[in-house]
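Residues per chain are reported as follows:
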Amino acid sequence: MELRHLRYFVAVAEAGNLTVAAEQKLHTSQPSLSRQIRDLESELGAQLLTRRARGIELTPAGRTFLDHARLVLSQVDAAKEAARRVAHPSKPCFTIGFLTGHELRWMPEALRILRDELPNIDVMVSSQYSPQLADGLSKGKIDAAFLRRERGMPDLAYRVLVKEPLMVVLPSDHRLAALKAIGPKDLAGETFVIVSNTAPVLRLVIDKYLKRSGIDITPAHEADHLAMGMSLIASTGGVGLLPAYAQNFLPSSVTSRPLKGDAPTVDLVLGYKKSNQSPILKLLLSKVDELVARASNKTR
C-alpha cells in the first residue's frame, strides 16, 4: 500500500464521484483512478465503495477506512512540516510599534540601527495609539514601541527619546497667526480643540498647562487623532495644542506657532517589557543614544 492510494481514496470519498475526483482533484484519468482504487481494495481484502449511477457510496468498511486514511495523511503532513522546520528554521520576528505619526522620523533610523540583523529576522511594524501600544508591550505582542509613558504599567520600562514641546495649531488665516509666539491668555475666548482620551498622557499635559496658566477654557471639540484635529481646527476656525511633531503633517490651511514662555513638553519614549529577553531588543536599547542622535540630525 502506498500513500497515493490513500490520497486517491480520500479524494474519491470526498468528491462522491470517481470522474469528478479524477478530473477536478487528482488531474488523472478516470480509468486510471478506478484501477488504483481496485488495487487498494485488493490489498485490503475488502470492498471500500459501491459504484452507483450517480456516483459512489462508501461501504461500512470504506467509512471506517476513510477515518484512518485521513489520520495517516494528516500525520504524514505534520511529519513533513516538522522536518522542514528543523531543516529550515523560520526567522525570529521582532515587532516595533509606533505612536501614529512618528513613523516618519523614527522608523528609518530604528531600521538603520538594526540593518546588520535584518537578514536574520522578520521585522513587523505596528502603528497605533499609545495606550494600545503599551497594552501590546505588556501582553508580549510588541517587542519595542515609540510611545508615551503610559501609567499603570509596572511591567514596562521606558527610555526617554525626546521631550516634545507643545505648539499652538491654528488656521493659517487666524488673527493669532500674525504673532510670532502665542501666550496662554491669547487662547482665552477661542474655539478650543483638544485631544481626546485616546491620548491620555498628552491630554493630561495640556490640562495641567491650561490650569497652571490660570485661563478658563472649555474645549468645544475633542479629536481622536491628528488628522481629525487638523480637520476640526480648519473647519471651525479654532485653535489647539499639539506636540511639535504635528508640524510635519500640517495642511496649507493650518499653521503653528510656539508658545510664549516655558512651553509644556510631552515625552516620547522607547518602551519595552522588563522581562523581554530578546537579543534584538537588547541591541536596540544599547544604541538608543545613536538612535536619538540620528533622528535629531534628520530634523535639522
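All values derive from a computational prediction rather than experimental measurement.

K.L.:
Would you explain the environment of isoleucine 215 in this entry?
P.N.:
In this structure, isoleucine 215 sits in the loop between α7 (200–213) and β8 (221–223). Counting along the chain gives 129 residues from isoleucine 215 to valine 86, while the straight-line C-alpha distance between them is 66 Å. Setting aside residues no more than four positions away along its own chain, isoleucine 215 makes contact with Pro184, Lys185, Leu187 and Leu210.

K.L.:
Help me understand the pairing of strand β9 (residues 239–243), please; the structure alone is not making it clear to me.
P.N.:
Consecutive residues of a regular strand have side chains that alternate between opposite faces of the sheet. The buried count for β9 comes to 5 of 5 residues, which makes it a mostly enclosed element. Alternating positions in β9 separate into two faces, Val239, Leu241 and Pro243 on one and Gly240 and Leu242 on the other, with burial throughout. In the sheet, strand β7 (residues 192–195) pairs with β9 via 2 bridges, with the strands oriented parallel. Paired with valine 193 across the bridge in β9 is glycine 240.

K.L.:
Quick question: what am I supposed to make of α7 here?
P.N.:
The α-helix winds at 3.6 residues per turn, so residues separated by three or four positions along the chain end up facing the same way. Look at α7: 20 Å from first C-alpha to last across 14 residues, which is about the 20 Å you get at 1.5 Å a residue. In the core, the buried residues of α7 are packed alongside β6 (156–171), β7, β8, β9 and β11 (265–273). Positive phi shows up at glycine 214, right after α7, with a value of about 75 degrees.

K.L.:
Sorry, what's going on with unusual backbone geometry here?
P.N.:
Among all residues except glycine, the phi angle is most often negative; among peptide bonds, the trans geometry is most common. For histidine 27, which is not glycine, the phi torsion reads 55 degrees and is therefore positive. Within the fold, histidine 27 resides in the loop between α2 (18–26) and α3 (30–44). Classification of histidine 27 by relative accessible area gives exposed; the value is 66%.

K.L.:
Honestly, the side chain of serine 130 in this entry has me stumped. Any pointers?
P.N.:
Along the polypeptide, serine 130 turns up in helix α6 (residues 130–138). Among the residues examined, serine 130 registers a relative accessible area of 2% and is labelled buried. There is a polar contact of 3.0 Å between the side chain of serine 130 and the backbone nitrogen of arginine 148. When residues no more than four places from it in sequence are discounted, the contact partners of serine 130 are Leu99, Leu147, Arg148 and Glu150.

K.L.:
I keep staring at the pattern of salt bridges and nothing clicks. Help me out?
P.N.:
Summed over the entire model, instances satisfying the criterion amount to 13 salt bridges. With a closest N to O distance of 2.6 Å, glutamate 164 and arginine 148 form a salt bridge. One end of the pair, glutamate 164, is in strand β6; the other, arginine 148, is in the loop between β5 (144–147) and β6, and 16 residues separate them in sequence. The pair glutamate 164 / arginine 148 is uniform in exposure class, with both members buried. A salt bridge links arginine 294 to glutamate 290; the nearest nitrogen and oxygen atoms lie 3.2 Å apart. Linking arginine 294 with glutamate 290, this pair stays in helix α10 (residues 288–298), spanning 4 residues, or about one helical turn. Where salt bridges share partners, they join Arg149, Lys163 and Asp267 into one cluster.

Rules used in this analysis
Residue numbers here run from 1 along each chain, matching the order of that chain's written sequence. At least 70 in pLDDT is required for a residue's local features to be given in this predicted model, at least 80 for side-chain atom pairs to be given and counted, and no such filter applies to totals for whole chains, interfaces and linings, which use all residues. Side-chain numbers here rest on the full set of heavy atoms in the structure, without hydrogens or water. Segments assigned H or I by DSSP are reported as helices when at least four residues long, segments assigned E as strands when at least two residues long, and all are numbered from the N terminus. Note on definitions: a residue-residue contact is assigned when non-hydrogen atoms from the two residues lie within 4.5 Å. To sort residues, take the accessible area from a 1.4 Å probe on protein chains only and compare it with the maximum for the residue type: under 20% means buried, over 50% means exposed, and anything in between is partly exposed. Pairing between strands is defined by DSSP: at least two bridges between the two strands are required. Here, expected helix span is obtained from the residue count minus one, scaled by 1.5 Å. Residues adjacent in sequence count toward polar contacts only when both atoms are side-chain atoms; beyond that, a polar contact is any pair of N or O atoms within 3.5 Å, and within protein one must be able to donate a hydrogen and the other to accept it. Salt-bridge detection follows one rule: a side-chain nitrogen of Lys or Arg within 4 Å of a carboxyl oxygen of Asp or Glu.

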